Amino acid sequence: MEHLPELVEFAAQCVRESGGDAGALHDIRLAVGEVCANVIEHGYTGERRGSITIETTTTAERLVVRIEDDGEVFDPSGLPPPDTGSDWRRREPGNLGWHLVYGVMDEVTHEPRGDRGNVVILAKRIGPASASAPETG
Amino acid sequence: METSVDRRGDVIIVHISGSMDGLTAEDLQHVFSSEMEAGRRDLVADLGAVDYTSSAGLRVLLGTMKHARSHDGDLRLARPRPEVLKVLKLSGFTRILMVFDTVDDAVASFG
């Protein structure tokens, strides 16, 4: 988890270089942070080491972030929706992370990498554009 | 993330800056837990300098609010930036947590 800020900051820098506004910067940081934290917590449960690779691609109007890991296969589209309506006494925070990812991104796709590993692709409209680069953490 | 704590009467104000995420949530929980263990249950989280909160940060806010209310106190939020407020709304937290535009308003709400 100690490398989480580096992964988030890499994606944030890509938004800045692409001319994204404060809203896009926030949403990308949030979504990348949630996806990577989920991989670290659940994809590599009990493992001391694991890789997460982030690549970004920008076009004239949007930023696409590709997050790849070698952890346990996990399909977020099968998750039940979180509880966002109960009384505070019964409210539980489960599944909020992916709910936020879907809520702030324009597109979210997941593909398993065979028996182990995942590819999550996040897309967000950001406006004017420029760069792309990969980083492994 | 950095935190600092102020006290106004019986109300504790926790000023938070930076990111509330999986890396910092434990530290934030410790700050709130320390205050509650000392018997202080009327809490304000000043979010004015929070860049973003992930689900890990939301879990801390929810757990703290539940604990405070179960001891006749409350956790109330102040000054969330528009992006953070959006996340609070997406999560349904604005239905169960009181959110104020200023720290003064949040403190005054405890009466």
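In short, a report on the structure. Note that the structure is predicted; figures quoted are calculated from it, not measured.

The number of helices and strands found in chain B is 4 helices and 5 strands. Counting from the amino terminus, helix and strand elements in chain B follow one another as β-β-α-β-α-β-α-β-α. Rg of the C-alpha trace for chain B: 12 Å, near the compact-globule value of 13 Å for 111 residues, within the 12% margin. Each of the three principal axes of chain B carries a C-alpha extent, and together these read 30 × 25 × 25 Å. The contacts in chain B between residues at least 6 apart in sequence include a share of 66% that link residues at least 24 apart.

Attention shifts here to the environment of T57 of chain A. Note on placement: T57 of chain A falls in strand β1 (residues 52–58). Separated by 38 residues in sequence, T57 of chain A and N95 of chain A have C-alpha atoms that sit 28 Å apart.

All names here are of chain B. Among the 5 residues in strand β4 (residues 74–78), 4 count as buried, and that is most of the element. Following the chain from strand β3 (residues 42–53) across helix α2 (residues 55–69) to the adjacent parallel β4, one finds a crossover that is right-handed. Alignment of β4 against strand β5 (residues 99–100), held across 2 bridges, turns out to be parallel. Looking at the pairing, A78 lines up with F100 of β5.

All names here are of chain A. With respect to the secondary-structure elements, P5 resides in helix α1 (residues 4–17). Using a count of 19 C-beta atoms within 10 Å as the deciding quantity, one classes P5 as partly exposed. Between the C-alpha atoms of P5 and R29, which are 24 residues apart in sequence, the distance is 9.4 Å.

Residue and element names in this part refer to chain B. Taken together, 5 strands build an open sheet; the order of strands is β1-β2-β3-β4-β5 and the sheet is mixed. This sheet does not close on itself; its edge strands, each paired only once, are β1 (2–8) and β5. The pairing of strand β2 (residues 11–20) with β3 spans 9 bridges and is parallel. Bridge pairing in β3 places S17 opposite A49. The sheet strands contacting helix α3 (residues 82–90) are β3 and β5, and the helix crosses β3 at an angle near 115 degrees.

In many analyses, interface size is given as the accessible surface area lost on bringing the parts together. Chain A puts 21 residues into the contact, and the matching count from chain B is 19 residues. Contributing elements (two or more residues each) for the side of chain A that touches chain B: α1, α2 (22–43) and α3 (96–104) of chain A. In terms of residue count, the dominant contributor to the side of chain A that touches chain B is α2 of chain A (8 residues). Residues that form the side of chain A that touches chain B fall into these classes: 10 nonpolar, 7 polar and 4 charged.

This part takes up the packing of helix α1 (residues 25–37) of chain B against α2 of chain B. Residue and element names in this part refer to chain B. Look at α1 against α2: their axes get within 9 Å of each other, and the N-to-C directions meet at 15 degrees. By the angle class used here, α1 and α2 are roughly parallel. Like other packed secondary-structure pairs, α1 and α2 cross with a definite hand, here right-handed. On α2, the residues that touch A25, L28, Q29, F32 and M36 of α1 are A56, G57, R59, V60, T64, H67 and A68. Grouping the constituent residues of the contact of α1 with α2 by class yields 7 nonpolar, 4 polar and 1 charged.

Parameters at a glance
- Residues numbered from 1 in each chain as written.
- Chains lettered and ligands numbered in written order.
- Predicted model: local features only at pLDDT ≥ 70, side-chain atom pairs only at ≥ 80, totals over all residues.
- Helix = DSSP H or I, 4+ residues; strand = E, 2+ residues; numbered from the N terminus.
- Rg over C-alpha atoms; globule rule 2.2 N^0.38 Å.
- Contact = placed C-beta atoms within 7 Å.
- Buried ≥ 20, exposed ≤ 12 C-beta atoms within 10 Å, placed from the backbone.
- Right-handed = clockwise from strand over helix to strand, strands pointing away.
- Pairing = 2+ DSSP bridges.
- Axes fitted to C-alpha atoms, helices over the stretch in contact; angles between N-to-C directions.
- Nonpolar A, V, L, I, M, F, W, Y, C, P; charged D, E, K, R; others polar.
- Parallel < 35°, antiparallel > 145°, perpendicular 65-115°, else oblique.
- Left-handed = near helix turned anticlockwise from the far one by under 90°.

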